[in-house]
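# Topology and contacts: notes
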Amino acid sequence: MTAQTTDGTEPGAEDGAAAAAARRREQHGWYFYDFACSVYSTSVLTVFLGPYLTSVAKAAADAQGYVHPLGVPVRAGSFFAYAVSASVIAAVLIMPLVGAVADRSGRKKPLLAAAAYTGAAATAGMFFLDGDRYLLGGLLLIVANAALAVSMVLYNAFLPQIATPDERDTVSSRGWAFGYTSGAFVLVLNLVLYQGHASFGLSEGEAVRICLASAGVWWGAFALIPLRRLRDRTVVREAEAGAGPAVSGWRQLVATLKDMRRYPLTLSFLLAYLIYNDGVQTVISQASVYGSEELELEQSTLIVAVLLVQVLAVAGALGMGRLARAYGAKRTILGSLAAWAVTLGAGYFLPARTPVWFFALAAMIGLVLGGSQALSRSLFSHLVPAGKEAEYFSAYEMSDRGLSWVGPLVFGLTYQVTGSYRDAIISLVVFFALGFVLLARVPVRRAVEAAGNPVPERI
């Protein structure tokens, strides 16, 4: 199978200024998908759903504190972590196929729309999560999380097409900054509603459910902007006789996996990213549970802490983008991984019922969170062979979210065995330490050259 991808224009059809203007228009639209979906990651996954779903599971638990999904005994306090793991396993089964079909057809936008609105609908459906409906909550979490992961495959695959190599660190960092800005804004609204729920005539549970559902409405509304501004590129491929779209997609997936063996340095980066980002994603999804269950903090304290993360993450993403221009993305990411390990070590010793120390921990997380994610994405974009963006970014997204089930599983199992969330949180340090070692061994300049791409001055 062979492929040639163009940007849909004849060579020389646009002068440099017009091409740059068209590129900036797409970039501005692209930023808004982060703006749309990051509210789910912030308000739903990080703040409200973990503690709320845990409380719903506890309401359904037996006298020993266990619920029994599909007949399997699960400690109620571990149900949320296990549901997160199940969601990313489901995403693993879908993302590579979607990436292969997107590159084969060149139709990323319709697939992005389908994934975005599936996730938004599932999130809006969380309004009906009350009483002891923990199974409904687990199902909606699995659908929404998997849909988000699939949509991010397609969203990230646009980056190499809308930004030149020297622009990608900046464009990727701005995308994350847009996401953290929307997350902070909506969290302020959530805080007003949650703190003043009685004055609005709402119970605490009703206020939480409205906050959950509103994230789905926000996601769906602002997804319209990138869907209007981004454009699909023409793809010319040889026809596969007798193969339907699904069959062809799976054949292309197999071909992609074989093709990736030709780029062992790209695979080395993916392995490092898989490990350290597993730790990042687990901290994001489990921090509120740690704060509420182990540190005995109020929901309002958790909201303020996550709001602090969002505000500082904007500055962190932009600031680390500047550091990358001076010192290179790889060195900057390595510095952030060291900071992550120190932060988790400090988190283990936080005293209970002391919000000020939790806020200090949130500040440390915020300063490194956005930059480590943004620079990892832009660095990987240099390691992708031209014309295979969605297929390779499906593998990246499997590392980003799709294979990030090990961390939540380790977190949940550690708590299941020890009954201590402190032991669970400190167990995540190994992901950052091992990821640091593996990333340090990747010669990124050689990796960019091996992928056939121009090497930026700083990388």
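Up top is the structure.
Since we're looking at a predicted model, the values are computed, not measured. (Residues numbered from 1 in each chain as written. Predicted model: local features only at pLDDT ≥ 70, side-chain atom pairs only at ≥ 80, totals over all residues. Heavy atoms only, no water.)

### With respect to the overall build of the protein
Summing up its helical and strand segments, the protein has 18 helices and four strands in all. Within the protein, the proportion of its 459 residues that are buried is 57%. A separation threshold of at least 6 residues defines the contact pool for the protein, and within that pool the share at least 24 residues apart is 84%. Carbon and sulfur atoms make up 64% of the accessible area of the protein, which amounts to about 17,900 Å² in all. (Helix = DSSP H or I, 4+ residues; strand = E, 2+ residues; numbered from the N terminus. Buried < 20%, exposed > 50% of the residue type's maximum accessible area, 1.4 Å probe, protein only. Contact = heavy atoms within 4.5 Å. Areas by Shrake-Rupley, 256 points an atom, 1.4 Å probe, with all protein chains shown as cover.)

### Side note on the pattern of salt bridges
Applying the stated criterion across every chain, the model contains seven salt bridges. The salt bridge partner of Arg231 is Glu26, with a shortest N-O separation of 3.4 Å. Of the two residues, Arg231 is situated in the loop between helix H8 (224-229) and strand E4 (235-237) and Glu26 in helix H1 (residues 16-60); the sequence distance between them amounts to 205 residues. The exposure class assigned to Glu26 is buried, which follows from its relative accessible area of 3%. Between Arg133 and Asp130 there is a salt bridge whose closest N-O contact spans 3.5 Å. Residue classification places Asp130 among the partly exposed residues on the basis of a relative accessible area of 26%. (Salt bridge = Lys/Arg side-chain N within 4 Å of Asp/Glu carboxyl O.)

### Here we look at the packing of aromatic side chains
Taken as a whole and judged by the stated rule, the model has 22 aromatic pairs. On the numbers, 5.3 Å between centres and 90° between planes, the contact of Tyr273 with Tyr276 is edge-to-face. Of this pair, Tyr273 and Tyr276 are both found in helix H10 (residues 264-294), three residues apart, which corresponds to roughly one turn of the helix. For Tyr276, a relative accessible area of 2% gives the class buried. A ring pair is formed by Tyr415 and Tyr421, whose centres lie 4.0 Å apart and whose planes are at 15°; its orientation type is stacked. Through successive ring pairs, a cluster of aromatic residues spans Trp30, Tyr31, Phe32, Tyr33, Phe35, Tyr155, Phe178, Phe185, Trp218 and Phe222. For Arg209, the ring lying beneath its charged end belongs to Phe127, and the centroid distance is 4.7 Å. (Phe/Tyr/Trp six-rings, centres within 6.5 Å; stacked < 30°, edge-to-face > 60°. Lys NZ or Arg CZ within 6 Å of the ring centre and 35° of its normal.)

### Quick look at the nonpolar core
Counting residues in hydrophobic clusters, the biggest one holds 138 residues, and the most contacted among them are Trp30, Tyr33, Tyr40, Leu49, Leu141, Trp219 and Phe269. For this core, the leading source of residues is H1, giving 17 residues. Apart from residues lying up to four places away in sequence, Trp219 is in contact with Tyr33, Ala36, Cys37, Tyr40, Ala116, Gly119, Ala120, Thr123, Ala144 and Leu148. (Core = buried A, V, L, I, M, F, W, Y, C linked by side-chain atoms within 4.5 Å.)

### Section: the packing of helix H6 (residues 168-195) against helix H11 (residues 299-327)
At their nearest, the axes of H6 and H11 sit 9 Å apart, and the two run at 165° to each other. It follows that H6 is roughly antiparallel to H11 by the angle criterion. In terms of crossing hand, the pair formed by H6 and H11 is left-handed. Along the lines of polarity and charge, the residues of the contact of H6 with H11 split into 18 nonpolar, ten polar and three charged. (Axes fitted to C-alpha atoms, helices over the stretch in contact; angles between N-to-C directions. Parallel < 35°, antiparallel > 145°, perpendicular 65-115°, else oblique. Left-handed = near helix turned anticlockwise from the far one by under 90°. Nonpolar A, V, L, I, M, F, W, Y, C, P; charged D, E, K, R; others polar.)

### What to know about unusual backbone geometry
With a phi angle near 55°, Leu70 is a residue other than glycine that sits in the positive phi range. According to the relative accessible area criterion, Leu70 is exposed, its value standing at 88%. Although it is not a glycine, Arg353 sits at a positive phi angle of roughly 55°. Mapped onto the elements, Arg353 comes out in the loop between helix H12 (329-348) and helix H13 (355-381). Classification of Arg353 by relative accessible area gives exposed; the value is 56%.

### Points about helix H2 (residues 79-105)
The terminal C-alpha atoms of H2 lie 39 Å apart, and with 27 residues this matches the ideal 39 Å at 1.5 Å per residue to within 8%. The axis of H2 is deflected most strongly, by about 30°, at Ile94, and proline Pro96 appears within four residues downstream. (Expected span 1.5 Å × (residues − 1). Bend = angle between axes of the 7 residues up to and from the residue.)

### Examining the packing of H1 against helix H4 (residues 134-157)
Two numbers describe how H1 lies on H4: the axes approach to 10 Å, and their chain directions differ by 160°. For the element pair H1 / H4, the angle class is roughly antiparallel. For the pair H1 and H4, the sense of crossing is left-handed. The residue makeup of the contact of H1 with H4, split by class, is 17 nonpolar, five polar and one charged.

### A few points about the side chain of Thr46
In this fold, Thr46 is placed in helix H1. With relative accessibility at 12%, the residue Thr46 sits in the buried group. When neighbours within four sequence positions are excluded, Thr46 is seen to be in contact with Ser41, Ile284, Ser288 and Val306.

### So, the side chain of Asn453
With respect to the helices and strands, the residue Asn453 is situated in the segment after helix H18 (444-450). In contact with Asn453, other than residues within four places in its own chain, are Ser381, His382, Leu383, Val384, Ala386 and Val448.

### Let's talk about the environment of Met95
With respect to the helices and strands, Met95 occurs in helix H2. A relative accessible area of 0% places Met95 in the buried class. Sequence separation of Met95 and Ser151 is 56 residues, and the distance between their C-alpha atoms is 8.8 Å.

### Let's talk about helix H17 (residues 429-440)
If you check H17, its first and last C-alpha atoms are 17 Å apart, about what twelve residues at 1.5 Å a residue would give, namely 16 Å. For H17, the complete set of buried residues consists of Phe431, Phe432, Gly435 and Leu439. Buried positions in H17, seen along its axis, are confined to an arc of 90° and lie on one side of it. The inward-facing, buried residues of H17 contact H10, H12 and helix H15 (406-418). (Arc of directions from axis to C-beta.)

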